[in-house]
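Residue-level structure breakdown
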Amino acid sequence: MIGKLALRNIKKSMSDYAVYFVTMIIGISVFYVFNAISDQTVLVKILKSDHSVIDLLKSSLSVASVVVSIVLAFLVVYASSFLMKRRKREFGVYMLLGMGKKKIAGILMAETVIIGLISLGVGLGLGIVLSQGMSILVVKLFEADMSQFAFECSMNAVVKTVIYFLVMYALVLALDLFVVGKSRLIRLLNAEKRNEKSAVKNPWICLIVFSVAVVVLSHAYWMVTAEASSITTEQQFLTQIAKGIVSTFLIFWSLSGFLIFVAKLRKKSYFKGINVFTTKEISSRVNTNVFAGSIICLLLFITICIFSTCFSINKSLNDNLKTLCPVDINIVKAVDTEEEDDKRKDTSPISSSLEEKGIDTTMFEGVVEIPMYQVKDADVEQIEENEFVFGNVMKLSDYNKAAAVNGLKQLALKDDEFIVVANYDYNVRLLNEEIASGHNVTLGGKTYHSARKECVDGFVEISGNYSNLGFTVVPDSALQNESVELVRWYYIANYNKEHAAGVDKIDQKVNSEKFQKKLGQFIFVETRTDIAQNSVSLTVLVVFLGLYLGIVFLIASSALLSLKELSQAAENREKYLILRKIGVDEKMIHRSLFRQNAIFFGLPLLLAIVHSIFGIQVCVQIVEAFGRTGLLPAIIFTAVMLLVIYAIYFVVTYRCSRRILQ
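None of the values given here were measured: they were computed from a predicted structure.

Rules behind the numbers
- Numbers given to residues run from 1 along each chain, matching the order in which its sequence is written.
- Local features in this predicted model are restricted to residues whose pLDDT is 70 or higher, and side-chain atom pairs enter the listing and the counts only when it is 80 or higher, whereas totals over whole chains, interfaces and linings include all residues.
- Side-chain numbers here rest on the full set of heavy atoms in the structure, without hydrogens or water.
- For our purposes a nonpolar core is just a set of buried Ala, Val, Leu, Ile, Met, Phe, Trp, Tyr and Cys residues, chained together by side-chain atoms within 4.5 Å.
- Think of it in three bands: residues with accessible area under 20% of the maximum for their type are buried, residues over 50% are exposed, and the middle band is partly exposed, with areas taken using a 1.4 Å probe on protein chains only.
- Here a strand is any run of E in DSSP of at least two residues, a helix any run of H or I of at least four, and the numbering for each starts at the N terminus.
- Whether two residues are in contact is decided by their heavy atoms, any of which lying within 4.5 Å being enough.
- Patch membership is restricted to residues that have no salt bridge and whose relative accessible area is over 30%. Joining uses 9 Å for like charges and 5 Å for the nonpolar side chains Val, Leu, Ile, Met, Phe, Trp and Tyr.
- Exposure was quantified through the Shrake-Rupley algorithm and a 1.4 Å probe, taking into account, for residues, occlusion by the shown protein chains and nothing else.
- The salt bridge criterion pairs a side-chain nitrogen of Lys or Arg with a carboxyl oxygen of Asp or Glu, the two atoms within 4 Å.
- Neither His nor the chain ends is counted toward charge; the positive residues are Lys and Arg and the negative residues Asp and Glu.
- Positions of charges follow a simple convention, taking NZ of Lys, CZ of Arg, CG of Asp or CD of Glu.
- Each residue gets a pLDDT score, which is the predictor's confidence in that residue and runs from 0 to 100.
- We call Phe, Tyr and Trp rings a pair once their centres come within 6.5 Å, taking the six-membered ring for Trp, and we label the pair stacked below 30 degrees between planes, edge-to-face above 60, and tilted otherwise.
- Put simply, the grid is 1 Å and covers the protein atoms alone, a cavity is a trapped set of points that fit a 1.4 Å probe, a pocket is an open set with protein on both sides within 12 Å along at least five of seven lines, and lining residues have an atom within 4 Å of a point.
- Grid points are joined across faces, edges and corners, and a volume is the space filled by probe spheres set on the points.
- Each residue is assigned to one of three groups, with Ala, Val, Leu, Ile, Met, Phe, Trp, Tyr, Cys and Pro labelled nonpolar, Asp, Glu, Lys and Arg labelled charged, and all others, Gly among them, labelled polar.

**Details of the nonpolar core**
- Counting residues in hydrophobic clusters, the biggest one holds 90 residues, and the most contacted among them are Phe-34, Phe-165, Leu-547, Tyr-548, Ile-551 and Tyr-649.
- The element best represented in this core is helix H19 (residues 528-571), accounting for 17 residues.
- Those residues in contact with Phe-165, other than ones at most four positions away along the chain, are Met-24, Gly-27, Ile-28, Phe-31, Leu-72 and Leu-120.
- If you look at the next biggest cluster of nonpolar residues, it comprises 37 residues, including Val-335, Leu-431, Val-441 and Ile-506.

**Details of the environment of Phe-544**
- With respect to the helices and strands, Phe-544 occurs in helix H19.
- Here Phe-544 falls in the buried class, since its relative accessible area comes to 0%.
- Between the alpha carbons of Phe-544 and Phe-311 there is a distance of 9.7 Å; along the sequence they are 233 residues apart.

**Structural notes on a positive patch on the surface**
- On the surface, a cluster of positive charge is contributed by Lys-268, Lys-272, Lys-587, Arg-591 and Arg-595.
- Sort the elements by how many residues they give to the positive patch and helix H21 (residues 586-622) lands first, with three residues.
- If you trace the backbone, Arg-591 turns up in helix H21.

**Some words on the confidence of the model for the protein chain**
- In this model, the protein chain carries a mean pLDDT of 79, and residues with pLDDT of at least 70 account for 80%.
- Counted against residues more than four places away or in other chains, residues 339-343, with its pLDDT under 50, gives three contacts.
- Every residue in residues 381-386 scores below 50 in pLDDT, and together they form four contacts with partners more than four places removed in sequence or on other chains.

**Points about the environment of Val-158**
- Among the structural elements, Val-158 can be located in helix H6 (residues 155-182).
- Given the relative accessible area of 14%, Val-158 is considered buried.
- Put simply, Val-158 and Gly-127 are 31 residues apart on the chain and 9.5 Å apart in space, counted from C-alpha to C-alpha.
- Among residues more than four places away in sequence, those in contact with Val-158 are Tyr-32, Leu-124 and Cys-153.

**Some remarks on the packing of aromatic side chains**
- Tallied over the full model, the rule gives ten aromatic pairs.
- Judged by centre distance (5.4 Å) and plane angle (90 degrees), the ring pair of Phe-277 and Tyr-576 falls under edge-to-face. Taken as a pair, Phe-277 in helix H11 (residues 275-288) and Tyr-576 in helix H20 (residues 573-581) lie far apart in primary sequence, 299 residues in all.
- An aromatic cluster is defined as three or more aromatic residues linked by ring pairs; in this entry it consists of Phe-594, Phe-601, Tyr-646, Phe-650 and Tyr-654.

**What to know about empty space enclosed by the protein**
- Tallying each qualifying case throughout the model produces three cavities of 30 Å³ or more.
- Computed from the structure, the second largest cavity encloses a volume of approximately 70 Å³.
- Together, Phe-252, Arg-285, Val-286, Asn-289, Ala-292, Gly-293, Ile-296, Leu-561, Lys-564, Phe-600, Leu-603 and Pro-604 line the second largest cavity.
- Listing elements by their share of the lining of the second largest cavity, those giving two or more residues are H11, helix H12 (290-324), H19 and H21.
- When grouped by side-chain class, the residues that make up the lining of the second largest cavity number eight nonpolar, two polar and two charged.

Rendered as structure tokens:
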């Protein structure tokens with residue numbers, strides 16, 4: 001009997017359970033997908049069996065899963081409390097007919113078990129399917145070989161998902177049983193009549209509060225963007241964040257009275273149809289959900305920033321490998337300064353050092369070897385305030401040799417000119433300001449002026465990001481004096497494709513610790529393969545953690561909005577019955593309900609989008625070292641994902657609200 005009642009109740013209350021089911025199914029599938037990532041063969045192959053990165057990814061996702069489970073547990077408990085509130089009258093009728101609390105508890109237990117099994121089964125099935133799509137996404141993101149793709153199911157992820165969600169269901173069941181055990185018959189029967197009351201706010205006070213909030217928020221926006229350079233401490237940055245949070249709360253607090261104030265200004269449309277009723281319902285929803293609306297808005301803002309930033313970093317790092325790693329290997333030799341024991345400086349080229357250490361240089365082809373200099377301390381002290389060197393110094397001919405190998409434009413200089421080469425955005429801005437102010441370079445008593453109005457985008461050393469802080473290129477004749485000293489050598493080359501060992505063997509050899517030890521402590525090796533591997537490892541962590549947390553925050557925001565709207569619909573059922581009694585047709589009621597849902601869903605999203613316009617700029621400034629591309633595609637992808645999930649919850653909420661109000 002209990003089983004039949006449980007199945008009948010689930011079928012009868014399917015519209016109420018819809019949001020609950022959607023949230024649980026999406027939550028379970030997302031939980032499985034991201035916990036199965038580290039077991040995917042395609043990812044292991046991309047990381048080339050780098051177990052340290054795989055272990056770090058597993059541990060990071062495990063920590064994130066704890067956060068996710070807490071968020072989902074809160075949603076499950078909140079959804080369950082909504083369902084319990086909707087069904088209190090039903091339980092009261094059971095008790096009135098003589099059913100004991102133990103039997104009611106048995107029905108609840110049976111329903112929870114059935115719902116849990118269905119949602120777990122569907123969620124895991126969907127998760128396994130989606131994980132194959134994730135494998136394809138991994139291949140596309142990291143430009144891997146599609147032949148590595150294979151259908152997979154991670155039993156570790158299945159077991160972990162089942163355990164986490166069984167614990168959640170047990171928690172929900174315990175809370176539901178507690179509510180039933182403490183309930184009284186009279187309260188259960190009158191539960192639907194206990195509506196939430198909301199105080200009417202003075203529209204003029206709301207208008208003032210709204211205006212103040214907008215001004216404070218605008219100032220915070222201005223500080224973190226246009227005046228970002230003036231923020232030098234963590235406390236200053238946190239102050240701007242606090243201003244944004246408080247302003248968001250005040251905007252939602254003031255909107256309820258402010259919306260009615262604005263609507264009344266357009267009397268013709270305000271008094272048309274049932275717009276008065278619609279406006280007051282929207283105002284009531286906003287007024288009773290100020291805190292929830294603020295939290296949802298901030299969650300959506302964080303989601304947008306996470307998605308946009310992590311995918312921008314991924315695209316930038318992939319592009320960086322093509323632009324900033326045009327050759328196979330860089331060897332850099334730091335010229336040792338004199339020690340107290342009168343150890344002599346080793347100023348010999350890297351090629352000589354390689355030969356001395358017995359390294360086979362026939363492994364490399366297209367070799368370019370160039371030096372870098374710096375101004376001596378004694379000469380720096382003699383330079384006037386408006387005449388200095390921008391970073392280290394390199395001969396024009398040497399730079400052009402490196403530029404030819406690296407695929408960069410050749411430079412040309414007159415005898416009294418210099419050019420600053422840099423690509424790290426923050427330094428580029430500072431250097432451009434110095435160049436624009438007319439600062440010159442003095443070497444050996446001769447003054448040189450800038451041949452360009454700004455820095456030239458370039459580099460000598462390969463890297464996974466834009467990290468060249470800047471160096472000065474001068475005519476060769478400028479360094480034919482004793483005002484500078486050698487600081488390092490660069491050895492730029494590709495692997496010899498005709499070498500007997502083969503390119504793969506050469507790459508393995510030069511990336512080994514044994515090779516680095518053989519070179520000694522002042523000679524360092526950077527290879528395109530090693531940089532690519534490090535970039536992929538970083539991208540894997542950033543993208544997957546960002547996706548995981550972003551999707552869960554988006555689910556949490558949408559589910560909270562949906563449950564709030566359904567709760568409001570359940571409480572206002574009597575109002576819609578009155579509308580029908582006075583002759584309002586169903587079309588007008590449905591249009592009013594659609595507008596209420598659209599505005600209730602739209603307000604947090606709209607303010608979150610405004611926040612993100614400035615928040616993304618801050619994120620870009622923070623991660624600008626990773627690169628400069630990929631932001632627009634990342635924003636488009638974010639918008640599509642956000643709208644899809646948001647639209648699913650909106651449609652489910654609207655249809656369920658209509659069912660509740662029938």
